[in-house]
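Letter by letter, the chains look like this.
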Amino acid sequence: MKYLPMAPEEWLRLIQNATKTAIIQDGKRKVHFLMEDGREMVEEYHLETNVLVRRAWKEKGKLGQDIGWKVEIGDPEPRQNNIEAYGIQESSSAPFITRRITKTALEWRIRNLPYPQNVYSVTAEDDNTITVRTINKKYFKKIIVPDLERAGLKVVQDRISFTHQYSTLIITYKKPPALLELEKKVLDEILQLKARKDGDVQCPTS
């Protein structure tokens, strides 16, 4: 698979040109984006630290109907009970990934992985993914890194580190300077928005 990076100016332009509304609620700045191409995204920033704690995209079905939100950063949506619809139920012990962002790093937590740390291999790949393997061949996962793709950056092995505790593999990727700069520009756009506080009466727009 050939890697085709996005120019960082393209992501910034999407943010700048999107129709944006903001609200202050539960200690977070929550922003809704309606992109020029019709996509919808919501982000939540911690009010005190301005760290992004959640990003989700509205998903649409083949006929254009809304089918919920796909979480990119933050806790996933509650797992749906598929047993009535499909006659099967996903095991609660199956590994699953959650994503976090800190001021200096991207982070993934893969839960329900009980093997010791020396079993895991976490590598940067030519297709710009991070691959997680176990030497016992019990787990394999390719992780896409959209933050780097939007900044036009390659995944670099030297920036990857990982640790394991409480049946959770924690993968950390140190942010490169170009990503930090792009995030700063996006945050500047967010902070310029006039945010309505939860409970305020919303004035009609003309």
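Residues numbered from 1 in each chain as written. Predicted model: local features only at pLDDT ≥ 70, side-chain atom pairs only at ≥ 80, totals over all residues. Heavy atoms only, no water.

For the protein chain, the name recorded in an unreviewed UniProt entry is Protein DPCD, with Bombus impatiens as its organism.

S.K.: Mind showing me how you'd approach the side chain of Arg55 here?
M.R.: Here Arg55 lies in strand β4 (residues 52–60). A distance of 2.7 Å separates the side chain of Arg55 from the side chain of Glu72, its partner in a polar contact. Contacts of Arg55, omitting those with residues within four sequence positions, involve Met41, Val42, Glu43, Lys70, Val71, Glu72, Ile73, Asp147 and Arg150. (Helix = DSSP H or I, 4+ residues; strand = E, 2+ residues; numbered from the N terminus. Polar contact = N/O pair within 3.5 Å; in protein donor to acceptor, adjacent residues only side chain to side chain. Contact = heavy atoms within 4.5 Å.)

S.K.: Explain the environment of Val145 here, please?
M.R.: Relative to the helices and strands, Val145 resides in the loop between β10 (140–144) and α3 (146–150). Judged by its relative accessible area of 0%, Val145 falls in the buried class. Taking the C-alpha atoms as reference points, Val145 and Val155, separated by ten residues in sequence, lie 8.0 Å from one another. Beyond its immediate sequence surroundings of up to four residues, Val145 is in contact with Leu106, Trp108, Ile130 and Val155. (Buried < 20%, exposed > 50% of the residue type's maximum accessible area, 1.4 Å probe, protein only.)

S.K.: Any chance you could explain the sheet that holds strand β3 (residues 40–46) here in plain terms?
M.R.: For sheets, the rule is that strands pair by backbone hydrogen bonds, running either parallel or antiparallel. If you walk across this open sheet you meet the six strands as β5-β4-β3-β2-β1-β13, and the pairing is mixed. Each having just a single partner strand, β5 (66–73) and β13 (195–197) make up the two edges of the open sheet. Sheet twist, expressed as the mean angle between neighbouring strand axes with direction ignored, is 20 degrees. Judged from the six bridges that link them, β4 and β5 form a sheet pairing that is antiparallel. When the sheet's bridge partners are listed, Trp57 is paired in β5 with Lys70. (Pairing = 2+ DSSP bridges. Axes fitted to C-alpha atoms, helices over the stretch in contact; angles between N-to-C directions.)

S.K.: I tried to follow helix α4 (residues 177–191) on my own but got confused; where do I start?
M.R.: Side chains of residues three or four places apart in an α-helix project in the same direction, reflecting 3.6 residues per turn. Over its 15 residues, α4 runs 21 Å from end to end, which matches the ideal 21 Å to within 8%, given 1.5 Å per residue. All of the buried residues along α4 are Leu179, Leu182, Val186, Leu187, Glu189 and Ile190. Around the axis of α4, the buried residues are gathered within 155 degrees of arc, so they sit on the same side. Check the buried side of α4 and you find it contacts α1 (8–17), β2 (28–34), β3, β7 (105–111) and α3. (Expected span 1.5 Å × (residues − 1). Arc of directions from axis to C-beta.)

S.K.: For this particular structure, what's the right way to read the pattern of salt bridges?
M.R.: In a structure, side chains of opposite charge can pair up when their charged atoms sit close to one another. Applying the stated criterion across every chain, the model contains 15 salt bridges. Where Arg55 meets Glu43, a salt bridge forms, and the shortest distance between an N and an O atom there is 2.8 Å. Of this pair, Arg55 sits in strand β4 while Glu43 sits in strand β3; the two residues are twelve residues apart in sequence, bridging distant segments of the chain. There is no split in this pair, since Arg55 and Glu43 are both buried. Taking the shortest distance from any N to any O, the salt bridge between Glu125 and Arg133 comes out at 3.4 Å. Judged by its relative accessible area of 32%, Arg133 falls in the partly exposed class. The network of salt bridges with common partners includes Glu43, Arg55, Glu72, Arg99, Asp147 and Arg150. (Salt bridge = Lys/Arg side-chain N within 4 Å of Asp/Glu carboxyl O.)

S.K.: What is the right way to read the sheet that holds β10 from this model?
M.R.: Ordered by their spatial adjacency, three strands build an open sheet running β8-β9-β10, and the pairing between neighbours is antiparallel. One side of each edge strand has no neighbouring strand; the edge strands of this open sheet are β8 (120–124) and β10. Pairwise comparison of adjacent strand axes, ignoring direction, gives a mean angle of 15 degrees for this sheet.

S.K.: Please explain the nonpolar core as it appears in this structure.
M.R.: As a rule of thumb, nonpolar side chains are buried together in soluble globular proteins. Formed by 40 residues in total, the largest nonpolar core has its most connected members in Trp11, Met35, Ile130 and Ile171. In terms of residue count, α4 provides more of this core than any other element does, five residues in total. Discounting residues that sit within four places of it in the chain, Ile171 has contacts with Leu106, Glu107, Trp108, Ile110, Val122, Val132, Ile143, Ile160, Ser161 and Phe162. (Core = buried A, V, L, I, M, F, W, Y, C linked by side-chain atoms within 4.5 Å.)

S.K.: It is not clear to me how the pairing of strand β1 (residues 19–25) should be interpreted in this structure. Could you clarify?
M.R.: Consecutive side chains along a regular strand alternate between the two faces of the sheet. Across seven bridges, the pairing between β1 and β2 is antiparallel. Bridge assignment links Ile23 to a residue of β2, and that residue is Lys30. Pairing of β1 with β13, which is carried by three bridges, proceeds in the parallel orientation. When the bridges of β13 are listed, Ile23 appears paired with Arg196.

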